[in-house]
Amino acid sequence: MLSVVPRAAWRWWAPVLLGLALCPAALAAEAEAGPSALRINGFGTVGLVDSDVPAGWGFRRDVSQPANGGGVRGDIDTRLGLQLNASLSDQVELVAQLLLKRRLPEMPTGDSLEWGFASYRPTPDWTIRVGRTNPDVFLLSDYRNVGFAYPWVRPEIAFYGALPIYSLDGADVTRQWQLGDALWKLKLMSGTSRVWTAGSTQLPNTLAKVRRLNGLVLSREAAGLTLRGTAVHVRINMDSGPGVAALASALDQLAQLPLPTVQADARDLKAQLALDVGSLRFVNLGAAYEGEHWLWSAELSQFDGSLQASHTVNGYVSLGRRFGAWTAYGMLAASRTRGTSAVAPQWREALTPVLGPEMAAQAQMLGDATAQSINTYRLAQRSLSLGLRWDLHPQAALKLQWDHYRVRDHGSRLFGNAHGQGGRVNVGSLVLDFVF
Amino acid sequence: MQALRPTLIAACCLALLLPLASTRARADIYLVVQAAHPVKSLTQKEAVDLYTGRSRAFSNGDMALMFDLPRDSSQRASFYQALAGMSLAQINSYWSRLMFSGQTMSPQILPNEQVMADIVRRNPNALGYLTQEPSDKSLRTVLVLKVPR
């Protein structure tokens, strides 16, 4: 029976099926010990967003959300999560989390299972998890959907929205130890994943398969201050679909022409296209402090990889102050893809004598489209956010936030703009976050 | 007038009881384990580490199983304020980070102090808290948290 199901499709279901099979045993254990062995909790957000985006742009929380036309929208931040924890013993626990949110139409229903893993703690200081786990590569990665857990309406979008590797089918091992007043944790993770990214208003949605993600996280917590360093290496199949493959094939043909400048341009452009298995490396440093009245956090990450468009630096700083049930906060953020953007080659004149005016015009269009496609993946934006959180109930908070984005030319990846012009965007958000 | 009398008596009783009720709400908090537990006492830091998921074991290495009172209860509010200086919203927000990231489960919520005392009495790994000093010899107080008056 399993032979007809693709291997990757059932692999992450294994811990969940195991969990369902073992639940009666867990419940029986509960009856004896008293404490509950099976717990269901949830979190959610109801949110409205209004943005004054330029024509062809749309504000979104991350690049796995479809490009949209801006205006007042309820589907950017609204989501609902359910989590089931089943303790089979002091050492073994099963966790499954289901997340309902706006997704790309191509994404399979199975992707709603955010996590499903078995966790084994041989001693209080060691944790081994197997199944679909959460790659917590940034400070807020593994609770970015739980709005109640952080002050802002959403984690900084360039940081958390540009690389949506949200789950990892594999395993991780964590060792924690106490050194003086500080709690240290070292985590190693390895696995595969699938990353859906929405194209722009002109480019199709694509699925990138993460063949292997290996990561290391070291953190230190003491007196409300968390320091965290991450190093991750990803091998990813960057195949962007038949459209990009057709561009590459046409560039190959142009590189055969006996014109050295056209040959060089065509090879250079092709090298920047996302075509095959490539690699991506990134390091991230994060710090967060939470005191009785003040809270601040900052993160800085640097990406490198086989594609020029992946060479990105992101950073943000945030400061908040509590006044009873109210928290006022602000955030400054910046993201930039290093290096210069791809420039459309000037082929028309050079090619007209060789190919004729019609073919030369077509080749020029091909060069323009390729440069535009490459630049679509670039990020160049700065933002300022100001907001207010009101804890109106011990399990619910209302937030109001204003964001101002300044996006430079060829840097509007997150806004789904394929034309390349820069612009300014104001975003107003009102959300209700809750846990239950 | 006759009809008003029971109401007046009830109001007087309530007025007399109210100061008592407020005194009880401000009582110190007693962290308790089973009387046979090898751990004789906890420091406040150890208690903070256990109730904030930073540690899962007592100082002797035994696994600890923490219990809590209802999420919105006044006893729980006093407990976390006295223990870690955190409001209910802060501790709930903190725990939602750990719980929904699958790192660790928050302490199991029990309906009231009576159930808390029963569970701790029966479970050798349990750690709980009560707002009144336990007179019962089957429970041992390992830490007293002073609630600011």
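Residues numbered from 1 in each chain as written. Chains lettered and ligands numbered in written order. Predicted model: local features only at pLDDT ≥ 70, side-chain atom pairs only at ≥ 80, totals over all residues. Heavy atoms only, no water.

A. Broad picture of helix H4 (residues 88-100) of chain B. Residues and elements named next belong to chain B. For H4, built from 13 residues, the straight-helix expectation of 18 Å at 1.5 Å per residue is met to within 8% by its first-to-last C-alpha distance of 17 Å. Most of H4 sits out of view: 13 of its 13 residues are buried. Phi for Gly102, located one or two positions after H4, is positive at around 70 degrees. (Helix = DSSP H or I, 4+ residues; strand = E, 2+ residues; numbered from the N terminus. Expected span 1.5 Å × (residues − 1). Buried < 20%, exposed > 50% of the residue type's maximum accessible area, 1.4 Å probe, protein only.)

B. Structural detail: the nonpolar core. Among the nonpolar cores identified, the biggest contains 43 residues, and Leu140, Leu213, Val234, Phe282 and Tyr316 of chain A are the most heavily contacted of them. Contributions of two or more residues to this core are made by helix H3 (157-161), strand E7 (182-197), strand E8 (206-222), strand E9 (225-237), strand E10 (277-290), strand E13 (326-337) and strand E16 (423-435) of chain A together with H4 of chain B. Excluding its chain neighbours within four sequence positions, the residues that come into contact with Val234 of chain A are Ile165, Val210, Arg212, Leu213, Gly278, Ser279, Leu280 and Phe282 of chain A. Counting 38 residues, the second largest nonpolar core, distinct from the first, contains Leu42, Leu83, Leu110 and Val147 of chain B. (Core = buried A, V, L, I, M, F, W, Y, C linked by side-chain atoms within 4.5 Å. Contact = heavy atoms within 4.5 Å.)

C. Here's a closer look at the pattern of salt bridges. Enumeration over the complete set of coordinates arrives at 25 salt bridges over all chains. Taking the shortest distance from any N to any O, the salt bridge between Lys187 of chain A and Asp172 of chain A comes out at 3.7 Å. Within this pair, whereas Lys187 of chain A is found in strand E7, its partner Asp172 of chain A is found in strand E6 (residues 168-179), the two being separated by 15 residues in sequence. Across the pair, exposure class does not vary: Lys187 of chain A and Asp172 of chain A are buried alike. Lys45 of chain B is paired through a salt bridge with Asp49 of chain B; the nearest N and O atoms lie 2.7 Å apart. In this pair, Lys45 of chain B and Asp49 of chain B are both assigned in helix H2 (residues 44-51), four residues apart and thus about one turn of the helix distant. (Salt bridge = Lys/Arg side-chain N within 4 Å of Asp/Glu carboxyl O.)

D. Here's a closer look at the interface of chain B and chain A. On the side of chain A, 45 residues touch chain B, which itself brings 34 residues to the contact. Around 3200 Å² of area is buried between chain B and chain A when both sides are counted, 47% of it from carbon and sulfur atoms. Here chain B and chain A share two salt bridges between them. Arg54 of chain B is the salt-bridge partner of Glu221 of chain A, the closest N and O atoms lying 3.9 Å from each other. For the pair chain B and chain A, the number of links is 13 residue pairs in polar contact (both at pLDDT 80 or more). (Buried area = accessible area lost by both parts, 1.4 Å probe. Polar contact = N/O pair within 3.5 Å; in protein donor to acceptor, adjacent residues only side chain to side chain.)

E. Layout of the packing of helix H4 (residues 242-254) of chain A against helix H5 (residues 260-271) of chain A. Residue and element names in this part refer to chain A. Contact geometry for H4 and H5: axes closest at 8 Å, N-to-C directions at 155 degrees. By the angle between their axes, H4 is roughly antiparallel relative to H5. When you trace H4 past H5, the crossing you get is left-handed. Only Val262, Ala266, Leu269 and Lys270 of H5 make contact with H4, whose side of the interface consists of Ala248, Leu251, Asp252 and Leu254. The residue makeup of the contact of H4 with H5, split by class, is six nonpolar, no polar and two charged. (Axes fitted to C-alpha atoms, helices over the stretch in contact; angles between N-to-C directions. Parallel < 35°, antiparallel > 145°, perpendicular 65-115°, else oblique. Left-handed = near helix turned anticlockwise from the far one by under 90°. Nonpolar A, V, L, I, M, F, W, Y, C, P; charged D, E, K, R; others polar.)

F. Representation of the sheet that holds strand E5 (residues 139-145) of chain B in the model. All names here are of chain B. Reading across from one edge, E3-E2-E4-E1-E5 is the order of the five strands in this open sheet, with mixed pairing throughout. Strands with a single pairing partner mark the edges of an open sheet, and in this sheet they are strand E3 (108-109) and E5. Both strand E2 (residues 65-68) and strand E4 (residues 126-130) contribute to a ladder of two bridges, which runs parallel. Bridged to Leu65 within E4 is Ala126. (Pairing = 2+ DSSP bridges.)

G. Spatial organisation of the packing of aromatic side chains. Residue and element names in this part refer to chain A. Applying the stated rule across the entire model yields 24 aromatic pairs over all chains. Geometrically, the ring pair formed by Tyr143 and Tyr150 is tilted, given 6.5 Å between the ring centres and 35 degrees between the ring planes. The same class applies to Tyr143 and to Tyr150, which are both buried. On the basis of an interplanar angle of 5 degrees and a centroid distance of 6.2 Å, the ring pair of Trp177 and Trp184 is categorised as stacked. Given the relative accessible area of 28%, Trp177 is considered partly exposed. (Phe/Tyr/Trp six-rings, centres within 6.5 Å; stacked < 30°, edge-to-face > 60°.)

H. Focus on the pairing of E9 of chain A. Residues and elements named next belong to chain A. Relative to E9, E8 is paired through 13 bridges, and the arrangement is antiparallel. Bridging across to E9, Leu218 finds its partner in Gly229. Counted along the chain from E8 to the antiparallel partner E9, the turn is two residues long, and its residue Ala223 has a positive phi close to 50 degrees. Of the pairings in the sheet, the one linking E9 to E10 comprises 13 bridges and is antiparallel in character. The residue bridging Ala231 from the neighbouring strand is Val283, located in E10.

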